[in-house]
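# Report on the structure
Next come the chains, spelled out residue by residue.
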Amino acid sequence: MQKKRGALDLSMNTIVVIVIGITILTLGLRWVFGVFGDIEESRRGVSEGMRQQIRETFGETDEAINMIPKTVTLEQGEKFDVGLGIRNTLKEQHPFVYDIIIQDIPENADKNVVKNWFVSGAGTPINLDSGELQADIISIDVPKQNAPLGVYRISVTLKCTDGCGIDEYVPFVLRVQ
């Protein structure tokens, strides 16, 4: 009889440990999902706030393409978001596309590598009605290593893909310290 009772106690202890483990795991997962959910909500709120600010700022100009800011100074390993506004200044709907062109960079930098620092919707067609404004964000992620210090001159070009005649650009300067 003694042996059977010991086996029963071991089984009860095992069940209690499993129940406590599952409870702690569940609470931990809920906490982690809550924290990351809040971070994602905050990121969406900041992104939408920036887009709204771009719309308000660019609503005051008649230029086809504009950026806020046009100059940024970053240290290696830093990230920054730049606001881009694209407006159809023509009388009809037209498709537009913008691109990021790396122009002048430090001698020991590679243009293809530098272009990968910029994350955006470049190259994606955007259909805009007459007077319509499209806001976008260009994220700049300067790597911590292999990012030569110096001045990088970039142009963001806007073209009308159906030959409507718009071919404009806005200059942008990135300083890496």
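Note that this is a predicted model, so its numbers are computed, not measured. (Residues numbered from 1 in each chain as written. Predicted model: local features only at pLDDT ≥ 70, side-chain atom pairs only at ≥ 80, totals over all residues. Heavy atoms only, no water.)

It is worth spelling out the overall build of the protein chain at this point. For the protein chain, the helix and strand inventory stands at 2 helices and 9 strands. Going from N to C terminus, the protein chain has its helices and strands arranged as α-β-β-β-β-α-β-β-β-β-β. Residues classed as buried in the protein chain amount to 30% of the 177 residues present. Partitioning the intrachain contacts of the protein chain with sequence separation of at least 6 by distance along the chain shows that 73% fall at a separation of at least 24. Of the accessible surface of the protein chain, which amounts to about 11,600 Å², a share of 55% is contributed by carbon and sulfur atoms. (Helix = DSSP H or I, 4+ residues; strand = E, 2+ residues; numbered from the N terminus. Buried < 20%, exposed > 50% of the residue type's maximum accessible area, 1.4 Å probe, protein only. Contact = heavy atoms within 4.5 Å. Areas by Shrake-Rupley, 256 points an atom, 1.4 Å probe, with all protein chains shown as cover.)

Hydrogen bonding along the main chain pairs the strands of a sheet, whether they run parallel or antiparallel. Pairing in this open sheet of 4 strands is antiparallel, and the strands run β1-β3-β7-β5 from one edge to the other. Across the chains shown, the open sheet's two edge strands, defined by having one partner strand only, are β1 (65-68) and β5 (118-119). (Pairing = 2+ DSSP bridges.)

Before going further, it helps to spend a moment on a negative patch on the surface. A cluster of acidic side chains, namely D62, E63, D167 and E168, defines a negative patch on the protein surface. Among the secondary structure elements, D167 is positioned in strand β9 (residues 167-176). (Patch = residues over 30% accessible without salt bridge, like charges linked within 9 Å, V, L, I, M, F, W, Y side chains within 5 Å. Salt bridge = Lys/Arg side-chain N within 4 Å of Asp/Glu carboxyl O. Lys, Arg positive; Asp, Glu negative; His and termini not counted. Charge placed at Lys NZ, Arg CZ, Asp CG, Glu CD.)

By the bridge criterion, 3 bridges tie strand β4 (residues 94-104) to strand β6 (residues 126-128) in an arrangement that is antiparallel. Of the residues in β6, the one forming a bridge with P95 is N127. Across 8 bridges, β4 lies against strand β8 (residues 150-160) in antiparallel orientation. Looking at β8, one finds that D104 is bridged to R153.

Formed by 33 residues in total, the largest nonpolar core has its most connected members in W117, F118, Y152, V156, F172 and L174. Counting only elements with at least two residues in this core, the list comes to β1, β2 (71-74), β3 (79-87), β4, β6, β7 (133-141), β8 and β9. With 5 residues, β8 is the single largest residue contributor to this core. (Core = buried A, V, L, I, M, F, W, Y, C linked by side-chain atoms within 4.5 Å.)

Our focus in this paragraph is the pairing of β2. Side chains of β2 alternate between two faces, with V72 and L74 buried and T71 and T73 left unburied. In terms of strand pairing, β2 meets β9 through 4 bridges, oriented parallel. In the strand pairing of β9, V72 is matched with L174.

With that settled, consider the state of the cysteines. Counting across every chain of the model gives 1 disulfide. C160 shares a disulfide with C164; S-S distance 2.1 Å. Sign of the S-S torsion, about 140° for the bond between C160 and C164, identifies this disulfide as right-handed. Owing to a relative accessible area of 9%, C160 belongs among the buried residues under this scheme. Exposure remark for C164: the relative accessible area of 23% places this residue in the partly exposed category. (Disulfide = S-S within 2.5 Å.)

Inspection of the secondary structure puts K79 in strand β3. Remark: the alpha-carbon pair of K79 and S139, spanning 60 residues in sequence, is separated by 7.2 Å. Those residues within four positions of K79 in sequence are excluded, and the remaining contacts are L74, I140 and D141.

Moving on to the pattern of salt bridges. Following the criterion strictly, the structure yields 1 salt bridge and no others. Note that K115 and D99 form a salt bridge whose closest N and O atoms lie 3.3 Å from each other. Here K115, found in helix α2 (residues 111-115), pairs with D99, found in strand β4; they are 16 residues apart in sequence, far enough to count as distant.

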